[in-house]
Amino acid sequence: MHEMTIVTSILAIARERAAAAGATVITAVEVEVGRLAGVEIPALEFCFLAARGHEVGEQAELVIHEIPGLGRCPACAAESAMDFYAAVCPNCGKAALEVVQGRELKVRSIRVED
Ligand SMILES: [Zn+2]
């Protein structure tokens, strides 16, 4: 499963950051997931719950910040909300939108116990 690979790297990043901060207990991992990142959020949550015990402990929560898709038209320069790739510009209808935002997939921060 694609999402398990993503979760594995999220957990690795979370552990590195906790180690760098001298923390031993991670209480939450906050991630940013763009609507156009091709990630199934329920699958991501499921994989996180399955994998967290070995990696960061059962107490760690996954907090997901969804980033909406935004595209810019190369023909008329209008910016529009974008929920899927190759969406045609709703303003002029002449060109496919170029992705400006929504491909994010990253660890925003971790929360640790003091
Ligand atoms: Zn346009």
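Residues numbered from 1 in each chain as written. Predicted model: local features only at pLDDT ≥ 70, side-chain atom pairs only at ≥ 80, totals over all residues.

1. Points about the overall build of the protein
A count of helical and extended segments in the protein gives 2 helices and 6 strands. Along the chain direction, N to C, the helices and strands of the protein fall in the order α-β-α-β-β-β-β-β. In terms of C-alpha radius of gyration, the protein reaches 17 Å, well past the compact-globule figure of 13 Å for 114 residues. Considering only C-alpha atoms, the protein reaches an extent of 55 × 30 × 15 Å along its principal axes. Each of the 114 residues in the protein was classed as buried or not, and the buried ones make up 25%. (Helix = DSSP H or I, 4+ residues; strand = E, 2+ residues; numbered from the N terminus. Rg over C-alpha atoms; globule rule 2.2 N^0.38 Å. Buried ≥ 20, exposed ≤ 12 C-beta atoms within 10 Å, placed from the backbone.)

2. Regarding unusual backbone geometry
Phi is positive for A77, which is not a glycine, with a value near 70°. Relative to the helices and strands, A77 resides in the loop between strand 3 (70-72) and strand 4 (79-81). Judged by the 10 C-beta atoms lying within 10 Å of it, A77 falls in the exposed class.

3. As for the nonpolar core
Ranked by size, the top nonpolar core spans 17 residues in total, and within it V7, I10, A14, I26, V29 and V56 carry the most contacts. Looking at this core, the elements with two or more residues in it are helix 1 (2-20), strand 1 (26-34) and helix 2 (41-55). Beyond its immediate stretch of four places on either side in the chain, A14 contacts I26, V29, V56, V107 and I110. Counting residues in each nonpolar core, the second largest holds 5 residues, with L36, M82, C89 and L97 among its members. (Core = buried A, V, L, I, M, F, W, Y, C linked by C-beta atoms within 7 Å. Contact = placed C-beta atoms within 7 Å.)

4. Digging into the packing of helix 1 against helix 2
The interhelical angle for the contact between helix 1 and helix 2, taken along N-to-C directions, is 45°, at an axis separation of 9 Å. When the axis of helix 1 is compared with that of helix 2, the two are oblique. Viewed along their axes, helix 1 and helix 2 form a crossing whose handedness is right-handed. Of the residues in helix 2, those touching helix 1 at E3, M4, I6, V7, T8, L11 and R15 are A43, L44, C47, F48, A51 and E55. Considered class by class, the residues forming the contact of helix 1 with helix 2 number 9 nonpolar, 1 polar and 3 charged. (Axes fitted to C-alpha atoms, helices over the stretch in contact; angles between N-to-C directions. Parallel < 35°, antiparallel > 145°, perpendicular 65-115°, else oblique. Left-handed = near helix turned anticlockwise from the far one by under 90°. Nonpolar A, V, L, I, M, F, W, Y, C, P; charged D, E, K, R; others polar.)

5. Re the sheet that holds strand 2 (residues 61-67)
Ordered in space as 2-1-6, the 3 strands form an open sheet in which the pairing is mixed. Lying at the two open borders of the sheet, with one neighbouring strand each, are strand 2 and strand 6 (105-112). Adjacent strand axes in the sheet meet at a mean angle of 20°, parallel and antiparallel pairs treated alike. Alignment of strand 1 against strand 2, held across 7 bridges, turns out to be parallel. Among the inter-strand pairings, G34 is bridged to a residue of strand 2, identified as I67. Lying on the sheet, helix 1 is in contact with strand 1 and strand 6; it crosses strand 6 at an angle near 45°. (Pairing = 2+ DSSP bridges.)

All we've got here are geometric facts, nothing functional implied.
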